[in-house]
Amino acid sequence: MKRSVLTRYRVMAYVTAVMLLILCSCMVAKYGFDTGADLTFAVSQAHGVLFMIYLVFAFDLGSKAKWPFGKLLWVLLSGTIPLAAFFVERKVRAEVEPLVADGLATAKA
């Protein structure tokens, strides 16, 4: 497996997780303090687009790593739970790094 597949996933996992935290704080401002409705709308739209990109990259990584459906589903859904994507990304990286190293060793041989 190419390192770029893992790198794309990792970048989008972090971007999606950060955007979700920003969206959550915007929602608190909007519904708790009745302010920032326009900002909340813009952030929610940006998060939606970035989440779709995250889904594509996570599915690509999962299909190349040959994950079972349950694991793939958990990784896909981790982008919807605040803070979960940070922990899932770390676990996925630790699991997929040996596959990347094996792929690089095979390519060099």
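Note that the structure is a prediction, hence the values are computed from the model and not measured. (Residues numbered from 1 in each chain as written. Predicted model: local features only at pLDDT ≥ 70, side-chain atom pairs only at ≥ 80, totals over all residues. Heavy atoms only, no water.)

Considering the side chain of Glu-89
Tracing the backbone shows Glu-89 in helix H4 (residues 84–108). In contact with Glu-89, other than residues within four places in its own chain, are Tyr-9, Arg-10, Ala-13 and Tyr-14. (Helix = DSSP H or I, 4+ residues; strand = E, 2+ residues; numbered from the N terminus. Contact = heavy atoms within 4.5 Å.)

Quick notes on helix H2 (residues 37–65)
Note that an α-helix has 3.6 residues per turn; residues three or four places apart therefore point the same way. Across its 29 residues, H2 extends 41 Å between first and last C-alpha, which sits within 8% of the 42 Å expected from 1.5 Å per residue. Downstream of H2 by one or two residues, Lys-66 has phi in the positive range, about 60°. (Expected span 1.5 Å × (residues − 1).)

Here's the deal with the environment of Tyr-14
Residue placement: Tyr-14 occurs in helix H1 (residues 3–33). Exposure remark for Tyr-14: the relative accessible area of 35% places this residue in the partly exposed category. For the pair Tyr-14 and Phe-86, spaced 72 residues apart in sequence, the C-alpha to C-alpha distance is 6.6 Å. With residues up to four places along the chain from it excluded, the contact list for Tyr-14 reads Phe-86 and Glu-89. (Buried < 20%, exposed > 50% of the residue type's maximum accessible area, 1.4 Å probe, protein only.)

Here we look at the confidence of the model for the protein
Per-residue confidence for the protein gives a mean pLDDT of 89, with 94% of residues at or over 70. Mean pLDDT values over the elements of the protein span from 80, in H4, up to 94, in H2. (pLDDT = per-residue confidence, 0-100.)

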